[in-house]
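Geometric and topological summary
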Amino acid sequence: MKKILTALFVTTTARACTDILVTPGASVEGSAMMAYNADSPTLFGSIYHYPPYNNDDETKMRSIYDWDSGIYLGQIPEESKETYNVVGNSNEYGLVIGESTFGGVRVLAYNQTDAKIDYGSLIWLTLQRAKTVKEAIHTMVHLMDTYGYASAGESFSLADATGQMWMMEVIGRGNDIIDDKTGERKLGAVWVAQRIPDGMVAAHANQARITTFPRQDPENCLYSEDVVEVAVHYGLYDAEADPLAFSFADVYDPLDFIGARQGEARVWSIFSQISSDPQFAQQYQDYALGNNLELRMPLYMQTKHKLTKEDVMHLMTSHYENTVMDASQDVGSGLFASPYRPRPLVWSLEESTQNNNEEDPMLRSKEKQSKSTTQYHNERSIATAKTGWSFVAEIRPHMPRELAVVSWYAMDDSSTAPRVPVYGSSRKIAEPFAGKGSQDGVTTSLLQMDWSKAFWVQNLVSNWCYSRYADVYPVLRQEIDDLQADLSEKVKQVDRIALELYQEKGPDAAIDYVTLFGVNTGNTVHGKWQSLFGTLFARFRDFYTIVPKNDEPVCGCQAVEPGMSEAVKHRIVQETGDHYKVAKGDKDHPDLLNGENAKESEREVFISGKKEDVGDIFTAIL
Ligand SMILES: *[C@@H]1O[C@H](CO)[C@@H](O)[C@H](O)[C@H]1NC(C)=O
């Protein structure tokens, strides 16, 4: 069983994610803001809800399931007398936790026998038990060290209602560390947690980012005492080397090309859009490209201006637009300038060496068989098709703790899905968004489309957009931005009324009110997206763009032929030569880029009965 378990872990896809941490001093509203995309093709998008409960029996056991794989890991005691209300990745005290998986050195990733706590369960257990970042770090360390850490290297984002924001990086201790006092195997993880100074912005994306760290500054940096010792034990760090020069990221997650190009490049895309240093993008471009791994980017940076939540949402829509990594123009972008590519991210190309050695046919055939394989990759942008759910959370220190967190949830790709606001104290989640996850021991089928679920309808819209990206994305972007602006105004009103209720009638009345708002908004947005899919489907059907035209008796519409871009036409002709060339001697045919105009004028002639040669009409009708 153990063997099988280990084998299954190895083949399980870890979530690949992106996080942004904005401290209150870097935000227009004075709120902490956290963005988190949970990216996995097998993750069903839901907003998890764990209602609070009191617990008389602290020894009562509860089952733990691995969030990534759904595998049962074992049981642990309840421990707590009371738990807090958890909505998504936030709780009623204003604690918010996000993460991205960095994996790390092979010997310590997914390699603690009998470990019971995976990183997903760690998040939701901690949200049920902790009120502040400091408490959360304490709880996480307790859970990992007591019950074992079952996952790979992780970067966690933590924020609380006081506005503190921390990044915590952990990796398991493996199986070989023995406790001097007890003589027993030491479970759990080594870790470093660093506070992001107020006024700064940090980010992480599947690559460890904490390098060297201060040892005598517990206000701003905490770490496990054996963080260096464990590395020395596994031969990852020289016993003679200066422990103060120890870099967590370099030792436990050594950077390579893919780590930079597909992980750090996402951080670069965030930092370079908002940095106060106008040279930032240029300075670290080679690093992000994976060409200069020595030039590490800082853990956090100062922004050129304070950020709104819309700014943060915008950062999470990036497909590397206007950068050297923009993939929407090369041949892989297809006919519709798409930045999306099929997986896997890394692919190999077999290149056989052609040899036309006429003199020695034997040698020729032998060499024909010698093939070399070269690895290539696709860009990995922040916005990605496989996102299961994502949020941008506002954590507002100026609000009562029950109203502190508003998380803006999307159930798919952070560039093509709408976001609905949910308060951290909500007692109910709108049905289209509600659901349990694999961490609850629940399997959600991903083989049956369900119109009643936001995940499916948002995926429908996204996938329709992917199919004709250049035509659909601008329209969809506008829809999302308009919706966001509208909901933003609504949240301002709801805040005002909820605060009044809080002061006049107490927290319960305020919580009831924001719960109702969340449920109604969720239902409304879901309905909107159902009908938006219908609208987009009708409008972008059969490779036409159907636009309204009232005076058209046949359909009240016009079927516009969008044509192909000049770049695409050139590429086709380059690859196919004369194959599609219209024979010389034919009369001029209208450029179908303006097909609707051509059709229009020709039909007018046709209708008025003056057209002699109807051949051209058929060109347009074909
Ligand atoms: C996992 O840990 C065991 C025991 O410490 C070690 O022998 C093994 O090599 C590790 N696995 C990997 C893949 O490194």
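Below or above, wherever it landed, is the structure these notes cover. As the structure is a prediction and not an experimental result, all values here were calculated from the model.

Thoughts on a nonpolar patch on the surface
A contiguous nonpolar surface patch, about 190 Å² in accessible area, is contributed by Phe257, Ile258 and Val346. In this fold, phenylalanine 257 is placed in helix H6 (residues 257-274). The class for phenylalanine 257 is partly exposed, based on a relative accessible area of 32%.

Quick word on the packing of helix H11 (residues 454-467) against helix H13 (residues 507-539)
Interaxial distance between H11 and H13 falls to 9 Å at its minimum, and their mutual angle equals 25°. By the angle class used here, H11 and H13 are roughly parallel. For H11 against H13, the interelement crossing comes out left-handed. For the pair H11 and H13, contact is made by Ala454, Val457, Gln458, Leu460, Val461 and Trp464 and by His526, Trp529, Gln530, Leu532, Phe533, Leu536 and Phe537, respectively. Along the lines of polarity and charge, the residues of the contact of H11 with H13 split into 10 nonpolar, 3 polar and no charged.

Observations regarding the site of the ligand
Close to the ligand lie Arg106, Val107, Asn111, Asn175 and Asp176. Here asparagine 111 contributes a side-chain N or O atom positioned 2.4 Å from an oxygen atom of the ligand. Calculation on the ligand without its partners gives an accessible area of 360 Å², and the protein chains cover 52% of this total. Residue composition of the shell around the ligand, by class: 1 nonpolar, 2 polar and 2 charged.

Quick word on the sheet that holds strand S18 (residues 405-410)
A sheet is described by the order of its strands in space; here 7 strands give the open sequence S14-S12-S1-S2-S17-S18-S19, paired in antiparallel fashion. Bordering the open sheet on either side are strand S14 (300-302) and strand S19 (420-423), each of which pairs with just one other strand. Here the average twist between neighbouring strands, direction ignored, is 20°. Relative to strand S2 (residues 32-39), strand S1 (residues 16-22) runs antiparallel, the two sharing 7 bridges. Along S2, the bridge assignment pairs alanine 16 with aspartate 39. Contacting S18 and S19, helix H12 (residues 469-505) runs over the sheet at an angle of about 25° to S19.

Examining the nonpolar core
Judged by nonpolar contacts, the single largest core of 157 residues is most densely connected at Phe156, Leu158, Met168, Phe246, Tyr252 and Trp389. When residues in this core are grouped by element, the largest group, 11 residues, is from H12. When near neighbours in sequence (up to four residues on either side) are disregarded, tyrosine 252 contacts Phe102, Gly104, Val105, Leu108, Ile171, Val190, Val227, Val230, Ala231, Leu236 and Phe246.

Some words on the pairing of strand S17 (residues 387-395)
Within S17, 9 of the 9 residues are buried, leaving the element largely enclosed by the surrounding structure. In this sheet, S17 lies alongside S2 in antiparallel orientation, the contact comprising 8 bridges. Residue methionine 34 lies in a different strand from S17, and its bridge partner there is alanine 393. Taken together, the 6 bridges between S17 and S18 define a ladder with antiparallel strand orientation. Note that in S18 the partner of serine 390 across the bridge is alanine 410.

Looking at the state of the cysteines
Scanning the entire structure with this criterion turns up 1 disulfide. The disulfide bridge from cysteine 555 ends at cysteine 557, spanning 2.1 Å between sulfur atoms. Torsion about the S-S bond of the cysteine 555 and cysteine 557 cystine: about -100°, corresponding to left-handed handedness. You can call cysteine 555 partly exposed: its relative accessible area is 44%. Here cysteine 557 falls in the buried class, since its relative accessible area comes to 17%.

Description of H12
The first and last C-alpha atoms of H12 sit 50 Å apart over 37 residues, in line with the 54 Å expected at 1.5 Å per residue. Looking one or two places after H12, you find glycine 506, whose phi comes out positive at around 100°.

Comments concerning the pattern of salt bridges
All chains considered together, the criterion is met by 27 salt bridges. When the shortest N-O distance is used, the salt bridge between glutamate 79 and arginine 129 registers 2.6 Å. Taken together, the positions of glutamate 79 in the loop between strand S5 (72-77) and strand S6 (86-87) and arginine 129 in helix H2 (residues 119-129) put the pair 50 residues apart, joining distant regions of the chain. Given a relative accessible area of 23%, glutamate 79 falls into the partly exposed group. Note on arginine 129: relative accessible area 13%, which makes it buried. In this structure, the salt-bridge partner of aspartate 512 is arginine 427, at a minimum N-O distance of 2.8 Å. Placement of the pair is aspartate 512 in helix H13 and arginine 427 in the loop between S19 and H11, with a sequence separation of 85 residues.

Here's the deal with helix H3 (residues 133-147)
For H3, spanning 15 residues, the distance from its first C-alpha to its last is 21 Å, which sits close to the expected 21 Å at 1.5 Å a residue. For H3, every residue scored as buried is listed here: Val133, Ala136, Ile137, Thr139, Met140, Val141, Leu143, Met144 and Tyr147. Contacts made by the buried residues of H3 are with S5, H2, strand S9 (153-159), strand S10 (165-172), strand S11 (189-195) and strand S13 (221-223). Phi for glycine 148, located one or two positions after H3, is positive at around 90°.

Description of the pairing of S11
Of all 7 residues making up S11, 6 are buried, and the element is well covered by its neighbours. Pairing between S10 and S11: 7 bridges, direction antiparallel. In the strand pairing of S11, methionine 167 is matched with glutamine 194. Inspection of the sheet shows S11 paired to S13 by 3 bridges, in the antiparallel sense.

Criteria and thresholds
- Residues numbered from 1 in each chain as written.
- Predicted model: local features only at pLDDT ≥ 70, side-chain atom pairs only at ≥ 80, totals over all residues.
- Heavy atoms only, no water.
- Patch = residues over 30% accessible without salt bridge, like charges linked within 9 Å, V, L, I, M, F, W, Y side chains within 5 Å.
- Areas by Shrake-Rupley, 256 points an atom, 1.4 Å probe, with all protein chains shown as cover.
- Salt bridge = Lys/Arg side-chain N within 4 Å of Asp/Glu carboxyl O.
- Helix = DSSP H or I, 4+ residues; strand = E, 2+ residues; numbered from the N terminus.
- Buried < 20%, exposed > 50% of the residue type's maximum accessible area, 1.4 Å probe, protein only.
- Axes fitted to C-alpha atoms, helices over the stretch in contact; angles between N-to-C directions.
- Parallel < 35°, antiparallel > 145°, perpendicular 65-115°, else oblique.
- Left-handed = near helix turned anticlockwise from the far one by under 90°.
- Contact = heavy atoms within 4.5 Å.
- Nonpolar A, V, L, I, M, F, W, Y, C, P; charged D, E, K, R; others polar.
- Near = heavy atom within 4 Å.
- Polar contact = N/O pair within 3.5 Å; in protein donor to acceptor, adjacent residues only side chain to side chain.
- Pairing = 2+ DSSP bridges.
- Core = buried A, V, L, I, M, F, W, Y, C linked by side-chain atoms within 4.5 Å.
- Disulfide = S-S within 2.5 Å.
- Expected span 1.5 Å × (residues − 1).

Everything listed is a geometric property; what it means functionally is a separate question.
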